[in-house]
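# Understanding the architecture of this molecule
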Amino acid sequence: MNPKKTRSLTACIHGGDSANPSGHLSAPIHRATAFHFPSATEGAARAADIRAAEFYGRWGDRNAREFEALVAALEQAEDAVCAASGMAIIDMIAQGYLSRGDHFLASHQCYAEVKILFEDLAHRLGVALDFVDSREASNFTSVIRPDTRLVFTETPANPTLSLVDIEAVALICQRVGALLVVDSTFASPLGQRALRHGADIVVHSATKYLGGHSDVIAGVCAGTRSALDPVWKAFSFHGPHLDPGAAWLLCRGMRTLGLRMRQHSENALQVAQALERCPEVEHVWYPFLASHPQFRLAQRQMDCGGGMVCFDIRGGMDSALLWLDRLHLVKLAVSLGGVASTATHPASMTHNLLPPQERAKGGIREGMIRLSVGIEDATDIIDDVVDALSGLPAR
Ligand SMILES: *Cc1c(COP(=O)(O)O)cnc(C)c1O
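The text that follows walks through the structure, step by step, so that each part is easy to find. (Residues numbered from 1 in each chain as written. Predicted model: local features only at pLDDT ≥ 70, side-chain atom pairs only at ≥ 80, totals over all residues. Heavy atoms only, no water.)

### Some words on the packing of helix α4 (residues 86-97) against helix α5 (residues 112-125)
- The contact between α4 and α5 brings their axes to 11 Å, and the two run at 30°. The orientation of α4 relative to α5 falls into the category roughly parallel. Relative to α5, α4 is oriented so that their crossing is right-handed. Two secondary-structure elements touch here, α4 through Met87, Ile90, Asp91, Ala94 and Gln95 and α5 through Glu113, Val114, Leu117, Phe118 and Leu121.
- Class assignment for the residues of the contact of α4 with α5 results in seven nonpolar, one polar and two charged. (Axes fitted to C-alpha atoms, helices over the stretch in contact; angles between N-to-C directions. Helix = DSSP H or I, 4+ residues; strand = E, 2+ residues; numbered from the N terminus. Parallel < 35°, antiparallel > 145°, perpendicular 65-115°, else oblique. Left-handed = near helix turned anticlockwise from the far one by under 90°. Contact = heavy atoms within 4.5 Å. Nonpolar A, V, L, I, M, F, W, Y, C, P; charged D, E, K, R; others polar.)

In structure tokens:
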């Protein structure tokens, strides 16, 4: 099978076949931490190939390799590296690439803990870190430097759904030889192919859409082998290894990723349109709504809008919290990307670790709600979110 030619729905089913030569239609879970080498020569050969699936469990196993092969097939990438969480794989990218004296550029519109991790790493490693408003590619031009090693962005951004023009930022990075990393968690590989638009490494919190069932924490990144090499080296000695059972669950979840993303996207557009008609709602952000400030970019860059919707309730934090308490079908919970609809209040729940002025820089307002639209019947989701608005300030 040529991974470059495989279409997405097929890749979801067969993208990992090469890593599962056993012939089982569903691969067994390989729990062994070490392997019996048939000869001393073979032992030495495997030791020299850190990507060997059967050497030592911390370096990965067949289940991890199957998951990585699936993601690589979907992203049309040469290879992928998975880890025990989204944070762990992002950490390995930063640790693999940055050293004392480097300059590092990250987006203001990034996952809150990623920003905190980067600040901590920059401080410990002696790396100069700047944050940039990533909604305009031209903002990168003024802050990028000849010694910029790494540029980290997220699109669509959590929770505001602002976008980064990957092609434009990739060109700016290429001029100084900086590596461009795109966190594509909100889009999933079905929603956008960040590598095709010029990213060097694409990252996913696999906890979200890839797993899709809210039962596994994991992370993965994909790119060329040479781009992944420093990540892989950092991974092999830091050791945030993905458990084979978790890798198995991810492969199982990803079989239906194509179907799920289709339904998430259809539902989310309908929910976003319904919310736009509600007087209690001040503003709705969804990439495929014509009112999104970067709608044209979304149409050019994204293959589907995904399942995330963000909106501002009139009346600020009080109204937002009241609305959350009135939901029945939609569950009040953090995380996202599962089959069940969930809602959260970023200012007090997912982005509470950031000081208010930092939240404001990322565009997070006090009355903002992040909705992860599931794959239930759209009408049931709409009824629940609209009913919960009744009686809240409408002006
Ligand atoms: C959840 C998330 C992460 C972190 O992933 P974990 O799997 O929770 O470690 C990183 N980036 C984005 C955009 C996320 O939504």
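Still more to cover.
### So, the environment of Val176
- Examined against the element boundaries, Val176 turns out to sit in helix α7 (residues 166-176).
- When its relative accessible area of 27% is taken as the criterion, Val176 is described as partly exposed.
- Excluding anything up to four places from it in sequence, Val176 contacts Ile144, Arg145 and Pro146. (Buried < 20%, exposed > 50% of the residue type's maximum accessible area, 1.4 Å probe, protein only.)

### Some details on the pairing of strand β3 (residues 128-132)
- Taken together, the five bridges between strand β2 (residues 103-107) and β3 define a ladder with parallel strand orientation. Bridge assignment links Leu105 to a residue of β3, and that residue is Asp130.
- Between the parallel pair β2 and β3, the chain is carried across by α5, and the sense of this crossover is right-handed. (Pairing = 2+ DSSP bridges. Right-handed = clockwise from strand over helix to strand, strands pointing away.)

### With respect to the nonpolar core
- The biggest cluster of nonpolar side chains holds 55 residues, and the ones touching the most others in it are Phe67, Val151 and Leu180.
- It is helix α3 (residues 62-75) that provides the largest number of residues to this core, a total of seven residues.
- Composition of this core by domain shows at least three residues from each of domain 1 (8-254) and domain 2 (257-389).
- Apart from the residues lying within four places of it in its own chain, the contact partners of Val151 are Leu105, Phe140, Ile144, Val169, Cys173, Ala178, Leu179, Leu180 and Val181. (Core = buried A, V, L, I, M, F, W, Y, C linked by side-chain atoms within 4.5 Å. Domains from an automatic or database assignment.)

### Details of the site of the ligand
- Around the ligand sit Ser85, Gly86, Met87, Tyr111, Glu154, Asn158, Asp183, Thr185, Ser205, Thr207, Lys208 and Ala218, and that is every residue in its neighbourhood.
- The side chain of Ser205 places a nitrogen or oxygen atom 2.8 Å from an oxygen atom of the ligand.
- Taking Thr207, its side chain carries an N or O atom lying 2.6 Å from an oxygen atom of the ligand.
- When the free accessible area of the ligand is taken as 380 Å², the share hidden by the protein chains comes to 93%.
- Residue composition of the shell around the ligand, by class: three nonpolar, six polar and three charged. (Near = heavy atom within 4 Å. Polar contact = N/O pair within 3.5 Å; in protein donor to acceptor, adjacent residues only side chain to side chain. Areas by Shrake-Rupley, 256 points an atom, 1.4 Å probe, with all protein chains shown as cover.)

### Some details on the side chain of Gln294
- Within the secondary structure layout, Gln294 lies in the loop between β8 (281-285) and α12 (295-301).
- A residue is classified by how much of its surface remains accessible, and Gln294, at 12% relative accessible area, is buried.
- Of the polar contacts made by the side chain of Gln294, one reaches the backbone nitrogen of Leu163; its length is 2.8 Å.
- Once residues within four sequence positions are removed from consideration, Gln294 is found in contact with Arg135, Ser162 and Leu163.

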